[in-house]
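# Understanding the architecture of this molecule
Below, each chain spelled out in residue letters.
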There are 2 protein chains.
Amino acid sequence: MSASGVRARVRAEMTEEIKAVARRHLATDGANLSLRAVARDMGMASSAVYRYFASRDELLTALIIDAYNSVGETAENAATGDNALARFLSLTHAVRDWALADPHQWALIYGSPVPGYQAPQDTVGPATRVILLIADVVKTAYENGDIADRRPITGRFAEEFAAVAERYSPGAPPRLVAASLSAFVQMSGAISAELFGQLSNSVDEDRRGFFEYQMRGAAYLIGWE
Amino acid sequence: MSASGVRARVRAEMTEEIKAVARRHLATDGANLSLRAVARDMGMASSAVYRYFASRDELLTALIIDAYNSVGETAENAATGDNALARFLSLTHAVRDWALADPHQWALIYGSPVPGYQAPQDTVGPATRVILLIADVVKTAYENGDIADRRPITGRFAEEFAAVAERYSPGAPPRLVAASLSAFVQMSGAISAELFGQLSNSVDEDRRGFFEYQMRGAAYLIGWE
DNA sequence: AGGAAAGCAAGAGCACTGCTCTCGTTATGG
DNA sequence: CCATAACGAGAGCAGTGCTCTTGCTTTCCT
């Protein structure tokens, strides 16, 4: 019976629960969480977990994809505001808040790659959501004429960006694509620096303010203000 | 006999060799390198390694300190040029080159922190060499009048930076300290993004050019050009 | 309805890990 | 010269990822 399949439903629930427990372990053990410990927490034999994830790496991959989607969705929902600059600042703050709320998930996707782990193709889509969102906000602003001129870029990398610009937003200046990607890099770099302890003893009180300062710098280089 | 002590000399050599072998393993296993494997490579029992490092974490700490000093020294030696901007660009390129030559050492010090590992106090000194170097280059430029005005900073974090500025470089505007730290964050973020695969499929040919573009952006926000 | 096939959970087992403890050996220093 | 400290090796403990076998249950097809 059951066109949906009872077993399939149970399987989906189990899969989800394993991921949930694994996410909890992520907070204490980071990327080298123990599959056996996860199984123990669920009251099942470690070998049973392998029915759901072929290896620890596959579990990690699932967590990585979920994390990318989670932060991507958060950013998309936060990209609101009267003008494009407000949307940009809002979304970057949302990403930072997401990272602060769960530093280990952030480390999982934006920290150093797990040794020996090779990210499969399934992760590239979710991984690009935030940068594409930034690019979209910038593109809209540009088409509305809200982007001031900045120095054009030259050199080989300018041609690479010209190709990207032509594909995603014909007519947009290549330097705008470069500045957008640079803004994304600044954002993730600022968050990682804060989370990974690089700011200790210099900015301890108002890290949010310093983050916004940096994002406004990135916004200026894009062409806002 | 031996005022220096034969045993002490041998011990120092052994310590250094263990670190060297461990650094090799770092390239394949990352931060969760195997102490036993290191011992095996050296033809000794794993328990013997504990005569030199009380734990795996202590070995990692030694590697971390060495890495900080190595990149710091590299940056210091590269901070040459006719003007301060040239020195800044040169040192950032040197840091990037250092990271590209040994990504795993970079990940060790600027990547996600090893779970359960708490960096001891010995690491903070070496860890600050690069940022202090940048601050020094900027300070010199400011005192020579080579730094253009930029928008002042406000808010609570501005007071924090004012305190830092007063201590390190009395008279220097707080926003300059903020911009210097931001430049450092941009640098490490740009390198990490490149090394950790965040730039795939957008900048594949001329990553050096894109890096310099970003560093020139940071330089502009400091007040160069 | 009945039987084959597939899914599932558990346990034992392998090779590995960090780390501790004990045991002989060797160099150091009073 | 001899007690002491440093040293290397080995065994052992508890843990790891992963595989394989064994029994049971659900699903699917004829």
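Quick summary incoming for the structure in this document. (Residues numbered from 1 in each chain as written. Chains lettered and ligands numbered in written order. Predicted model: local features only at pLDDT ≥ 70, side-chain atom pairs only at ≥ 80, totals over all residues. Heavy atoms only, no water.)

## Comments concerning the packing of helix α4 (residues 56-78) of chain A against helix α6 (residues 103-110) of chain A
Residues and elements named next belong to chain A. Packing of α4 against α6 brings their axes to within 9 Å, and their N-to-C directions diverge by 105°. Judged by the angle between their axes, α4 and α6 are roughly perpendicular. On α6, the residues touching L60, L63, I64, A67, Y68 and V71 of α4 are Q105, L108, I109 and Y110. Of the residues contributing to the contact of α4 with α6, the split by class is nine nonpolar, one polar and no charged. (Axes fitted to C-alpha atoms, helices over the stretch in contact; angles between N-to-C directions. Helix = DSSP H or I, 4+ residues; strand = E, 2+ residues; numbered from the N terminus. Parallel < 35°, antiparallel > 145°, perpendicular 65-115°, else oblique. Contact = heavy atoms within 4.5 Å. Nonpolar A, V, L, I, M, F, W, Y, C, P; charged D, E, K, R; others polar.)

## Digging into the nonpolar core
By size, the foremost hydrophobic cluster in this structure holds 146 residues, and its most contacted members are F88 and W224 of chain A together with F88 and W224 of chain B. Once you skip the residues sitting within four places of it in the chain, W224 of chain B turns out to touch A84, L85, F88, V137, V138, A141, D146, I147, R150 and A219 of chain B. (Core = buried A, V, L, I, M, F, W, Y, C linked by side-chain atoms within 4.5 Å. Buried < 20%, exposed > 50% of the residue type's maximum accessible area, 1.4 Å probe, protein only.)

## What to know about the pattern of salt bridges
All names here are of chain A. Per the stated rule, a full pass over the model turns up 22 salt bridges over all chains. With a closest N to O distance of 3.5 Å, K19 and E16 form a salt bridge. Pair noted here: K19 and E16 are both in helix α1 (residues 6-29), with a separation of three residues, about one helical turn. Note that R129 and E76 form a salt bridge whose closest N and O atoms lie 2.9 Å from each other. Here the residue R129 occupies a position in helix α8 (residues 129-143), and E76 occupies one in helix α4, the gap between them amounting to 53 residues. (Salt bridge = Lys/Arg side-chain N within 4 Å of Asp/Glu carboxyl O.)

## Side note on the relation of the copies chain A and chain B
Between chain A and chain B, the superposition needs a rotation of 180° and an axial shift of 0.0 Å, giving an RMSD of 0.0 Å. Here the transformation between the copies is reduced to the relation of a two-fold axis. Closest approach to the rotation axis within chain A is made by the C-alpha atom of G189 of chain A, at a distance of 1.9 Å. The fraction of interface residues of chain A whose copies in chain B are also interface residues reaches 100%, indicating that both copies meet through the same surface. (Least-squares fit on C-alpha atoms with pLDDT ≥ 70 in both.)

## A short note on the protein's contact with DNA strand D
Neighbouring DNA strand D are 24 residues; L35, R36, R40 and R56 of chain A together with R11 of chain B lie closest to it. Within the side chain of S34 of chain A, one N or O atom sits 2.7 Å away from a phosphate oxygen of DNA strand D. A45 of chain B has a polar backbone atom sitting 2.9 Å from a phosphate oxygen of DNA strand D. Broken down by secondary-structure element, the contributors of at least two residues to the surface near DNA strand D are α1, α2 (35-41) and α3 (46-49) of chain A together with α1 (6-29) and α3 (46-49) of chain B. Among the elements that take part in the surface near DNA strand D, α2 of chain A stands out by supplying four residues, more than any other. (Near = heavy atom within 4 Å. Polar contact = N/O pair within 3.5 Å; in protein donor to acceptor, adjacent residues only side chain to side chain.)

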